[in-house]
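Results of the structural survey
What follows is the residue order along each chain.
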Number of protein chains: 2
Amino acid sequence: MSSVPSSFALPERILLGPGPSPVPAAVLGALARPTIGHLDPEFLRLMDEVRDMLRTVFGTQNPCTLPMSGTGSAGMETAVVNVVEPGSKLLIGLNGVFSQRLADVAQRAGAEVTTVDVEWGRSVPAELLERAAAGRKYDVLATIHAETSCGVLQPLEPLRQLADRLGALFLADTVTSLGGVPVDLDANGIDIAYSGTQKCLSCPPGLAPVSLSERAMARLARRTRPVQSWYLDLTMITRYWGQERVYHHTAPINALYGLHEALRLVLAEGLPVRQARHRRNSLALAAGLEALGLELPVAKDERLPPLTLVSVPDGIDEARVRQFLLHHYSLEIGGGLGKFKGKAWRIGLMGHGSSRQNVSLCLEALTRALAAQGFTPRGDALAASGAVYAAS
Amino acid sequence: MSSVPSSFALPERILLGPGPSPVPAAVLGALARPTIGHLDPEFLRLMDEVRDMLRTVFGTQNPCTLPMSGTGSAGMETAVVNVVEPGSKLLIGLNGVFSQRLADVAQRAGAEVTTVDVEWGRSVPAELLERAAAGRKYDVLATIHAETSCGVLQPLEPLRQLADRLGALFLADTVTSLGGVPVDLDANGIDIAYSGTQKCLSCPPGLAPVSLSERAMARLARRTRPVQSWYLDLTMITRYWGQERVYHHTAPINALYGLHEALRLVLAEGLPVRQARHRRNSLALAAGLEALGLELPVAKDERLPPLTLVSVPDGIDEARVRQFLLHHYSLEIGGGLGKFKGKAWRIGLMGHGSSRQNVSLCLEALTRALAAQGFTPRGDALAASGAVYAAS
């Protein structure tokens, strides 16, 4: 390159897509604190507080609870490669991009994966999985608690019971639920969970909180061969996050400053309050969207509060709508993914972004964007969403 | 947990250990810019500039040049798992912790690894490797260009020639060399290189720049089975960093803001100037340490400018010295690693931290710390280091 680029000037965006979510100023400020060493006694104290706060947010006493040094997808791979080895049996229902991804990760780790196709936009019924299991035992039953590709919340209890019948560890992807929807690992009997920081925790992407039960750790201890990934090997990483403080890799110091602050804000608000906020704002958004005459493909009782899937009406160019929102409102929503590509939008109300003002702004901006393509709203979106707030 | 912790108050440290290195205020400030989406057109522009600047710093035209979403060790794993599959043959000399780690990573990926033990603190002689190869062909010849565990700089040319004779791709760990020591991938015929951000680039840890030659990419394209790691699979990640912009995982947005600014500062200083600075300050440090009567185990012509290994004198408690420096000077140096644990210190003068004031401060503080344990310096460290500056 011939010349040195300038410092990068960035626009401010209102992030109402599938993540990253808006990051509070206090978290951004924490990122900018001076870097210190990954074995500095002061940094080790911060790690302990991060670990303790993560346990509270996950709803667990699991000793093995820590943020991996990668994004949510690294959390998925961590969850899989530590408990799976060649020949392990894993069972999963496919109802979106992230369950497909999990099956792919498990196959690359040598697992024998049984998949069951489920309609996208629906949760996975335990009966369907049990039929596919056909009486076989499994090592892992995996589920996507919050399918970010189609906005579905998976009921956990039936799958938990099935996992017990199959002799399987219960693995749950909580990337888009942690901090916005009850996760409660211990109460729900989840053995292996992972998440990301850029959804309902409102921290920038780059870390993947994970938590493994004692049963899952016992499975890890009984492995016959090393974890295929050195970088994600929890037998070593837990020695850095535990009392021994054995160096494994250099932790992403500043990202952990941000996570500490983000978790603090979550707990200061209180998990039940925060979850109720996510629920209320998503109901108000849904009411507004339906008032406009838009269709939400996911059944009411399976909708994921942090992420709403909206069908693109006939004759509307979905990408042009997103460009309109970005250009005129500096507002980001997501396009569809996988089977919903080009057919749906994904509107995220996650963490700091789940607010009444964002619901109003989104409905107003979307109305304008659709009007620009000749779409006539059926009714008054703001009145419909306002009614939800008035009733709650 | 019963109560919410306070925002974390951090000490400021002078980071003269094996990394992280001190991060300039402009880079810390960049980290705190508002998060935007990983598919936002403005963010894609930033990615392009990061990629172009990385090419310049690596000294390469390789299209596949990008930062992986993990720390330097994730870079190592990326380098290995993309070009190695079960049965691949890899040859490496073991002269420190990071060559051992690379051999471990390769074995976990199913490679047949030939290792050659070399004295720690010495570079790896090509003849030794060639003898071990015993006429066999290899897929990869791997080397640690800058051994952070013992401060050795590996001459590349003899290994490059050997790789050609073995029919092997040439893989180099440039974690502690990139930005501080000439790396010049294209001129040195390096096919696969990786680095970290927290050494001579003076960015916080969390990203791993990698670069693969066209030959290495051709090897990747000829694989018979998928890369074992979904998260580190370059066949997919290059589609996000390339023109297609296909979503793979959510990029660590704010960390990339930091890297953009850090690379800018590297190029604004100029690589040759920066490398000369690293060389000059390390010569001055070495002169000062030797004047004190301390021994540097690495031979003069193999020393790594960003990291100096210093033997702990008889009768000195090495951990107490580091505690003294941290307590009285808020100054961090590193302890020994692997075979040098308890026997040596590692003093880093990396990136922003490679400065005359840090050389003077380190020599002064170390003199006091040793005096506190009854060590009498042989001569005047500051005069000896000053003579180096005067002569250069």
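Residues numbered from 1 in each chain as written. Chains lettered and ligands numbered in written order. Predicted model: local features only at pLDDT ≥ 70, side-chain atom pairs only at ≥ 80, totals over all residues.

When you go through chain A residue by residue, the secondary structure sums to 14 helices and 14 strands. Computed over the C-alpha atoms, the radius of gyration of chain A is 21 Å, within 12% of the 21 Å expected from 2.2 N^0.38 for a compact globule of 392 residues. With the C-alpha coordinates aligned to their principal axes, the bounding extent of chain A is approximately 65 × 55 × 50 Å. For chain A, buried positions account for 58% of its 392 residues. Partitioning the contacts of chain A with sequence separation of at least 6, the portion at a separation of at least 24 is 73%. (Helix = DSSP H or I, 4+ residues; strand = E, 2+ residues; numbered from the N terminus. Rg over C-alpha atoms; globule rule 2.2 N^0.38 Å. Buried ≥ 20, exposed ≤ 12 C-beta atoms within 10 Å, placed from the backbone. Contact = placed C-beta atoms within 7 Å.)

Looking now at the relation of the copies chain A and chain B. Mapping chain A onto chain B leaves a residual RMSD of 0.0 Å; the transformation is a rotation of 180° accompanied by 0.0 Å of translation along its axis. On the angle and the small slide along the axis, the relation comes out as a two-fold axis. The share of interface residues of chain A whose copies in chain B are also at the interface is 100%, consistent with both copies meeting through the same surface. (Least-squares fit on C-alpha atoms with pLDDT ≥ 70 in both.)

With 64 residues of chain A at the interface, the matching set in chain B holds 64 residues. Looking at the side of chain A that touches chain B, the elements that each hand over two or more residues are α1 (25-31), α2 (41-58), α3 (72-83), α4 (97-108) and α10 (253-269) of chain A. The element that contributes the greatest number of residues to the side of chain A that touches chain B is α10 of chain A, accounting for 9 residues.

A word on the sheet that holds strand β11 (residues 307-311) of chain B. All names here are of chain B. If you walk across this open sheet you meet the 3 strands as β11-β14-β13, and the pairing is antiparallel. Of all strands in the sheet, those bounded by a partner on one side alone are β11 and β13 (334-335). The pairing of β11 with strand β14 (residues 344-348) spans 5 bridges and is antiparallel. Bridge pairing in β14 places Thr 308 opposite Ile 347. (Pairing = 2+ DSSP bridges.)

Glancing now at the confidence of the model for chain A. Scored by pLDDT, chain A comes out at a mean of 97, with 99% of its residues at no less than 70. Across the interface, the model reports ipTM at 0.97; the global pTM reads 0.98. (pLDDT = per-residue confidence, 0-100.)

A few words now on helix α3 (residues 72-83) of chain B. Residues and elements named next belong to chain B. Taking 1.5 Å per residue as the helical rise, α3 with its 12 residues ought to reach 16 Å, and the 17 Å between its terminal C-alpha atoms agrees with that figure. In terms of burial, α3 is a largely internal element, 12 of the 12 residues being buried. Restricting attention to buried positions, one finds in α3 the residues Gly 72, Ser 73, Ala 74, Gly 75, Met 76, Glu 77, Thr 78, Ala 79, Val 80, Val 81, Asn 82 and Val 83. (Expected span 1.5 Å × (residues − 1).)

Attention now goes to unusual backbone geometry. Following Gly 19 of chain A, the chain continues into Pro 20 of chain A via a peptide bond in cis, with omega recorded as 5°. Within the element layout of this structure, Pro 20 of chain A appears in the loop between β1 (14-15) and α1.

Residues and elements named next belong to chain A. As summarised here, the arrangement of the 3 strands in space is β11-β14-β13, forming an open sheet in which the pairing is antiparallel. The sheet is open, and its two edges are formed by β11 (307-311) and β13 (334-335), each paired on a single side. Strand direction decides the pairing type here: β13 and strand β14 (residues 344-348), joined by 2 bridges, are antiparallel. Note that in β14 the partner of Gly 334 across the bridge is Arg 346.

Bringing the packing of helix α12 (residues 318-329) of chain B against helix α13 (residues 356-371) of chain B into the picture now. Residues and elements named next belong to chain B. Between α12 and α13, whose axes approach to 9 Å, the crossing angle comes to 120°. As summarised for this structure, α12 and α13 are arranged oblique, according to the angle between their axes. Once α12 is placed against α13, the crossing between them reads as right-handed. Of α13, the residues touching α12 (which contributes Val 321, Phe 324, Leu 325 and Tyr 329) are Ala 365, Ala 369 and Leu 370. Grouping the amino acids of the contact of α12 with α13 by side-chain chemistry returns 7 nonpolar, no polar and no charged. (Axes fitted to C-alpha atoms, helices over the stretch in contact; angles between N-to-C directions. Parallel < 35°, antiparallel > 145°, perpendicular 65-115°, else oblique. Left-handed = near helix turned anticlockwise from the far one by under 90°. Nonpolar A, V, L, I, M, F, W, Y, C, P; charged D, E, K, R; others polar.)

Now for the nonpolar core. Grouped together as the largest cluster of nonpolar side chains are 260 residues, with contacts concentrated most on Leu 141 of chain A together with Leu 141 of chain B. The contacts of Leu 141 of chain A, once residues within four sequence positions are left out, are Leu 91, Leu 159, Leu 162, Ala 163, Leu 166, Ala 168, Phe 170 and Leu 171 of chain A. (Core = buried A, V, L, I, M, F, W, Y, C linked by C-beta atoms within 7 Å.)

Moving on: the pairing of strand β3 (residues 89-94) of chain B. All names here are of chain B. By the criterion of burial, β3 is predominantly enclosed, with 5 of the 6 residues buried. Bridging between β3 and strand β4 (residues 112-117) involves 6 bridges; their strand directions are parallel. For Leu 94, the partnering residue across the bridge sits in β4 and is Asp 117. Considered for its hand, the β-α-β crossover made up of β3, helix α4 (residues 97-108) and β4 is right-handed. Of the strand pairs in this sheet, β3 and strand β5 (residues 140-144) are connected by 3 bridges, and their pairing is parallel. Bridge pairing in β5 places Leu 91 opposite Leu 141. (Right-handed = clockwise from strand over helix to strand, strands pointing away.)

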